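Residue strings, one per chain:
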Amino acid sequence: MTQDQLKQAVAQAAVDLIVPQLTDRSIVGVGTGSTANFFIDLLAQHKGFFDGAVASSEATAERLKKHGIPVYDLNNVAELEFYVDGADEANKHLELIKGGGAALTREKIVAAVAETFICIADASKLVEQLGAFPLPVEVIPMARSHVARELVKLGGDPVYREGVVTDNGNVILDVHNVAIGFAPEVEAKINNIVGVVTNGLFAARPADVLLLGTDSGVQKLAR
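Being a predicted model, the structure only gives us computed values, none of them experimental.

**Observations concerning the sheet that holds strand β8 (residues 157–160)**
- Spatially, β8-β9-β7-β10 is the arrangement adopted by the four strands of the open sheet, whose pairing is antiparallel. Of all the strands in the sheet, the pair left with one neighbour each is β8 and β10 (196–199). In this sheet, adjacent strand axes meet at a mean angle of 30 degrees when their direction is disregarded.
- Direction of pairing for strand β7 (residues 135–139) relative to strand β9 (residues 171–176): antiparallel, over a ladder of five bridges. Bridging from a neighbouring strand, Glu138 pairs with Ile172 of β9.
- Lying on the sheet, helix α5 (residues 144–153) is in contact with β7, β8, β9 and β10; it crosses β9 at an angle near 15 degrees.

In structure tokens form, the structure reads like this:
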């Protein structure tokens, strides 16, 4: 199977998992990226079964609206039953690295609110040790050099993602060669650097369910 076929398979598995549990009052949190786009396109076929969605990026909001799915501001939503999103890396503890699409802050906010966080990915994203994928860090622009120096002190090699501005008006540093042992501790340590908005480690709030697309079908891991 191609990577797109694997993404389509896990997106369909996520739709099959959540749609029977939705009501006409349900609001679904939706992530950002190519795998999330497959999910949006498939979820749209069931838009009569739920109220609407909360988007983790402007691009996702636009795609949802094109399908006629109402998009709500998270501040106006009391409950979020599900959040469905992809990942750049995942481990067996369902801890993730996200942010390849520069939407990590909004993704992390929506994940924090959701009752159930479902991560969908192809099997190549499952790793023994997080960190081969450079760790994205969203940074206030004026703090970029300061944060980079602090990340070097932590053993990382930060690279400015040139030409990228997040939906929040910030910049991204991609940290190579960072040692991720106990992921929640690393996540907190980086977040404590002044000028960091957040980083792409989803360890303090990992996924609840990980759906992995493999050539032999979709594999489900759960906490």
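**With respect to the pairing of β9**
- Within β9, five of the six residues are buried, which leaves the element mostly enclosed by the surrounding structure.
- Pairing geometry for β8 and β9, over four bridges, is antiparallel. Counterpart to Tyr160 in the pairing with β9 is Leu173.

**A look at the packing of aromatic side chains**
- Following the criterion strictly, the structure yields two aromatic pairs and no others.
- Centroid distance Phe117 to Phe202: 6.4 Å. Interplanar angle 55 degrees. Geometry classified as tilted. One end of the pair, Phe117, is in strand β6 (residues 116–122); the other, Phe202, is in strand β11 (residues 201–202), and 85 residues separate them in sequence.
- By relative accessible area, Phe117 is classed as buried at 0%.
- When its relative accessible area of 1% is taken as the criterion, Phe202 is described as buried.
- Among the aromatic residues, ring-to-ring pairing joins Tyr83, Phe117 and Phe202 into one connected group.
- Taking NZ or CZ as reference, Lys98 lies 5.5 Å from the ring centre of Phe202, over its face.
- Over the ring of Tyr160 we find Arg144, and its NZ or CZ is 4.0 Å from the ring centre.

**Comments concerning the packing of helix α1 (residues 3–18) against helix α2 (residues 34–43)**
- At their nearest, the axes of α1 and α2 sit 8 Å apart, and the two run at 50 degrees to each other. When the axes of α1 and α2 are compared, the pair comes out oblique. Of the two elements, α1 crosses α2, and the hand of that crossing is right-handed. Listed contacts from α2 to Asp4, Lys7, Gln8, Val10, Ala11, Gln12, Ala14, Val15 and Ile18 of α1 are Ser34, Thr35, Phe38, Phe39, Leu42 and Leu43.

Reading the values: the criteria
- Residues numbered from 1 in each chain as written.
- Predicted model: local features only at pLDDT ≥ 70, side-chain atom pairs only at ≥ 80, totals over all residues.
- Heavy atoms only, no water.
- Pairing = 2+ DSSP bridges.
- Helix = DSSP H or I, 4+ residues; strand = E, 2+ residues; numbered from the N terminus.
- Axes fitted to C-alpha atoms, helices over the stretch in contact; angles between N-to-C directions.
- Contact = heavy atoms within 4.5 Å.
- Buried < 20%, exposed > 50% of the residue type's maximum accessible area, 1.4 Å probe, protein only.
- Phe/Tyr/Trp six-rings, centres within 6.5 Å; stacked < 30°, edge-to-face > 60°.
- Lys NZ or Arg CZ within 6 Å of the ring centre and 35° of its normal.
- Parallel < 35°, antiparallel > 145°, perpendicular 65-115°, else oblique.
- Left-handed = near helix turned anticlockwise from the far one by under 90°.

As far as function goes, none of this settles anything; it's purely spatial.
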